[in-house]
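Listed here are the chains, written in short residue letters.
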Amino acid sequence: QPLASKILNKNIYVDDVCSSFATLQEAQDNAIVLKSALKTGGFELVKLKSNHANTFDRLKKVLSQEELKDEKLFETEAEVKVLGYKINFENDTISLAVKEETIQGMLETAYHPTKRNLLSTTMAIFDPNGFFMYVTSKFKIIYRNVCAEQTPWDTPIADHHLNEWFSSLRLL
């Protein structure tokens, strides 16, 4: 099954397969092939997501009654988290999966981060494909500048870095 092999070799990360197709027909064909290939290898396809409502119509026709009973396989959530991103199928948007309450808490309080806090926040942003590099690079540059000033780990950062930090947080 060369189609499945190509997808699994290039589009898998840990236990997520993330792939994009130009047409509905291509997406349907690949969903069927992937389900079959994974089953042959002894793996279970747990859930499928798509931004097109009819993507799985053909797959549903080839599945057994037992497989169709699995409610998780075709869940219809509007938004899912995959590889550090939130993907909204209704709006066809992608954003970083960052805990908004944490960011909001930092912005609303008299929070004054230390060098340790900067590193922790910067490294917590998972952007494996670099889609949001324009944001993540700002955090890394601020951290580098704080390090260049040899600021101790648990000392609050200088005010001139603080303004940059909060501006960057608002981008998230």
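Note: the structure precedes this text.
Fair warning: this is a prediction, and the values are worked out from it, not measured in the lab.

S.K.: Where do I start with the sheet that holds strand β4 (residues 85-88) in this structure?
M.R.: In sheet architecture, strand pairing relies on hydrogen bonds along the backbone and comes in two forms, parallel and antiparallel. With antiparallel pairing, three strands are arranged side by side in an open sheet as β3-β4-β5. One side of each edge strand has no neighbouring strand; the edge strands of this open sheet are β3 (79-82) and β5 (93-96). Taking each pair of neighbouring strands and ignoring which way they run, the sheet shows an average axis angle of 25°. Where β3 meets β4, four bridges bridge the pair, whose relative direction is antiparallel. Across the sheet, the residue bridging to Val82 is Tyr85, located in β4.

S.K.: Just to check I follow, could you spell out the packing of aromatic side chains for this structure?
M.R.: Between two aromatic rings, the relevant description is the distance of the centres plus the angle of the planes. Using the criterion set out here, one finds five aromatic pairs in the structure. Taking the centre distance of 6.1 Å and the plane angle of 40° together, the rings of Tyr85 and Phe132 count as tilted. Here Tyr85 is found in strand β4, whereas its partner Phe132 is found in the loop between α6 (115-124) and α7 (133-148), with 47 residues between them in sequence. On the basis of relative accessible area, Phe132 is assigned to the buried category, the value being 13%. The interplanar angle of 40° and the centroid separation of 6.4 Å between the aromatic rings of Phe132 and Tyr134 together place this pair among those described as tilted. Above the face of the Trp153 ring, Lys115 is positioned so that its terminal group lies 5.3 Å from the ring centre.

S.K.: How do you make sense of the packing of α7 against helix α8 (residues 159-171) when you look at a structure like this?
M.R.: What describes two packed helices is the angle between their axes and the distance between those same axes. Their axes nearest at 9 Å, the elements α7 and α8 cross at an angle of 165°. Our classification of the angle between α7 and α8 gives roughly antiparallel. Our pair here, α7 against α8, has a crossing hand that is left-handed. Contact residues: Val135, Lys138, Phe139, Ile142, Asn145 and Val146 in α7; His161, Glu164, Trp165, Ser168, Leu169 and Leu171 in α8.

S.K.: Explanation requested: the environment of Phe132 in the structure shown.
M.R.: It is 9.4 Å that separates the C-alpha atoms of Phe132 and Leu172, two residues lying 40 residues apart in sequence. When sequence neighbours within four positions are dropped, the list of residues in contact with Phe132 reads Tyr85, Ile94, Ser95, Leu96 and Asp127.

S.K.: Any chance you could explain the side chain of Lys35 here in plain terms?
M.R.: With respect to the helices and strands, the residue Lys35 is situated in helix α2 (residues 24-40). Those residues in contact with Lys35 that sit more than four places away from it in its chain are Leu45, Leu59, Leu63 and Glu67.

Rules of the game
- Residue numbers here run from 1 along each chain, matching the order of that chain's written sequence.
- Only residues with pLDDT of 70 or above have their local features reported here, since the model is predicted, and side-chain atom pairs are shown and tallied only from 80 upward, although totals for entire chains, interfaces and linings are computed over all residues.
- Each side-chain value is worked out from all heavy atoms of the structure, with water and hydrogens disregarded.
- Strands are treated as partners if at least two bridges between them are detected by DSSP.
- A helix here means a DSSP run of H or I that spans at least four residues, while a strand means a run of E at least two residues long, and both kinds are numbered starting from the N terminus.
- Fitting a line to C-alpha atoms yields each axis, with helices limited to the stretch in contact; the angle taken between N-to-C directions then spans 0 to 180 degrees.
- Pairing of aromatic rings covers Phe, Tyr and Trp, the last through its six-membered ring, and needs centres within 6.5 Å; plane angles under 30 degrees mean stacked, over 60 mean edge-to-face, and all others mean tilted.
- For every residue, the accessible area obtained with a 1.4 Å probe (protein chains only) is divided by the maximum for its type, and the residue is called buried under 20%, exposed over 50%, and partly exposed between those limits.
- In this analysis the charged atom, NZ for Lys or CZ for Arg, is taken to sit over a ring once it is within 6 Å of the ring centre and within 35 degrees of the ring normal.
- An angle below 35 degrees is treated as roughly parallel, one above 145 as roughly antiparallel, one from 65 to 115 as roughly perpendicular, and anything else as oblique.
- Here a crossing is called left-handed whenever its near helix is offset anticlockwise from the far helix by less than a right angle, and right-handed whenever the offset is clockwise.
- In what follows, a contact means two residues having at least one pair of non-hydrogen atoms within 4.5 Å.

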